[in-house]
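Overview (structure and organization)
Take a look at the letters that make up each chain.
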Amino acid sequence: MGCGHKDDKASLASSQMASFSHQPHQPPSTPASKEVWKKGGRMFSILLAVHLALLACTLVSSGAFEKIAVHDYDVFFLLTVMMLIVIVWIIFYLVGTSRCPDAILCRDSHAGPIWLRGGLILFAIFSLVMDVFKIGYYSSFYSCLSAIKIIYPIVQAIFVVIQTYFLWTSAKDCVHVHLNVTRCGLMLTLTTNLAVWMSAVTDESVHKAHSKLKKNTTEEIFKWLLKAGMRSSSAEECNCDSQICQIFKNGYFWLYPFNIEYSLFASAMVYVMWKNVGRFIDHHSHHIHRLKFRLFRRTFFVGIVSGLIILVSGLGVLILYEVQVNSSTESHKKSQALTMYYIFNIVCLGLMSVVCIGGSVIYRFDKRDMDRHKNPTRTLDVALLMGAALGQYAISYYSIVAIVASTPRDAISALNLTYALLMIAQHTFQNIFIIEGLHRQPPKEDHKHDSHQKDLYGLTFVNINAVSLRVPDSGSTLAPSTASGAEAIHPSDLVRSLTAPKKMNWRRKFLREISMFLLLSNIILWIMPAFGARPQFDNDTELNFYGNSMWPAIVDICLPFGIFYRMHAVASLLEVYIMS
């Protein structure tokens, strides 16, 4: 395939490139010509993604039940084929498309920030470790399993390595050749990540529900859970008696949260790349802000210290919760663990809500302009924050209805109700704070003000009235200076210049403290449900109210979105911290 004229949009791209070469400071000719690239190719790639996503969702959900004649190795086969196709396309993009002449005329400076790509690499490393554990686990009894179960983690490891390199090097690209092929390839990549995410969530949720309800349910329900286990149902046919096999099995289940977050992070970055295909950026309105990340500068350490206290306390609560709930069969220890969990979360969510409200009030006095330029990355961040919060909203409202309608009510029910209400409030206030921070312009250095300020700081110990003698108020004497481009220094300007930067620094410092505290608090609120602390399965109120089949299904569907919300909030708060 050639580089320039194999696409039905090639003529448009060449004409727009010509306009850029002759008029470097002008946008493309008309608004209509700028938007043509969004229509036909985008619609076809969206339809392709929708059909593939529906097919993958159908197979994953059907493979979760034994009565349906769809087996887990059918799901593995589909995912393996999809990942192989994506690997081939990524290699084609890196070797062919990106190296074509005039393939990448501009790059989106907002796409793929360093902290997002760094998080992607972190999750990719843990995903690779998970694949190694999977290979070791399935290899322990390969004689009684389908070969696709060993091939799948190998292909997934290759897919993770190639995709991570692709997103690290090409996340900012605005491609202008092979438009339709690139759009379809990116949509296929996005759909593959979502399919892998659905498969991982199903497997991980069934495993968690299996381990939580095994000792608390009847034999009939336990058999139903075994049938619902997509991966465990086939593994039950083989014996995993050796110690190394058990280590592999437990290890890769503990690493599932990292693989789930990796798939969602990659999907978000791929979507931004898809939005940027064929995009021309007006560099006059698309400012590139080179911000330096200084963690321990201009801070009082209050936010960092408070956040670390919450983080360490949460880790202690998580360990005690896991020990008392999973290792003990006594009901009073389970009640103590639930009480401890709810009290910690109520305190944490309450503090986070108050801090978010304080940050929003500080933004009311912030003099920075709002950033109204087109930014697909920011638009996606806001959409993901609002959409992912719906998962936790749903769980909280279901809990509220169950608690209010159930009798009798005890102390744990009261704590659970307070926890659900605070969860809704905290998500709402935090979204407001983050969205306000993402739409603020970063602090700008005014060179004119800086040079003016240096002269003023030299006069700090000079009598202001004496300054007024050297700088008269009459307009006639200022004419030569203003004509030459200099500004007269008035006493009022001196006082304002000496005091205004100090007030601005105080606001920014407070915003930084708030952002860092929220960031660390969101990390522990992500760790706790991701690594086993799920009171939704341990509290009998909702389970008795909605039943043993409906309530686990609600939690399994909604909780992954709540977990993803926390990690995405961490990335967004880090950006807000740097922009403050």
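Residues numbered from 1 in each chain as written. Predicted model: local features only at pLDDT ≥ 70, side-chain atom pairs only at ≥ 80, totals over all residues. Heavy atoms only, no water.

Looking at an unreviewed UniProt entry, one finds the chain named OTOP2 protein, with Pluvianellus socialis as its source organism. Annotation of the chain in UniProt includes, under Subcellular location (unreviewed entry), the sentence "Cell membrane". A UniProt comment under Sequence similarities (unreviewed entry) is attached to the chain, and it reads "Belongs to the otopetrin family." (UniProt positions renumbered as here; feature names shortened; annotations may be inferred.)

So, on to the environment of Leu194. By the secondary structure assignment, Leu194 is in helix 7 (residues 179–213). Residue classification places Leu194 among the partly exposed residues on the basis of a relative accessible area of 29%. In this structure the C-alpha to C-alpha distance between Leu194 and Leu264, which are 70 residues apart in sequence, comes to 7.1 Å. (Helix = DSSP H or I, 4+ residues; strand = E, 2+ residues; numbered from the N terminus. Buried < 20%, exposed > 50% of the residue type's maximum accessible area, 1.4 Å probe, protein only.)

Another point: helix 11 (residues 256–276). Compared with the 30 Å implied by 1.5 Å per residue over 21 residues, the 31 Å span of helix 11 between its first and last C-alpha is a close match. Positive phi appears at Gly278, one or two residues downstream of helix 11, with a value of about 75°. (Expected span 1.5 Å × (residues − 1).)

As enumerated under the stated definition, the model contains two salt bridges in all. In this structure, the salt-bridge partner of Asp173 is Arg107, at a minimum N-O distance of 2.5 Å. Residue Asp173 is located in strand 2 (residues 173–175), and its partner Arg107 is located in strand 1 (residues 104–107); the two are separated by 66 residues in the primary sequence. A relative accessible area of 40% places Arg107 in the partly exposed class. Note that Glu436 is salt-bridged to Arg364, the shortest N-O span being 2.7 Å. Placement of the pair is Glu436 in helix 15 (residues 411–438) and Arg364 in helix 13 (residues 331–364), with a sequence separation of 72 residues. (Salt bridge = Lys/Arg side-chain N within 4 Å of Asp/Glu carboxyl O.)

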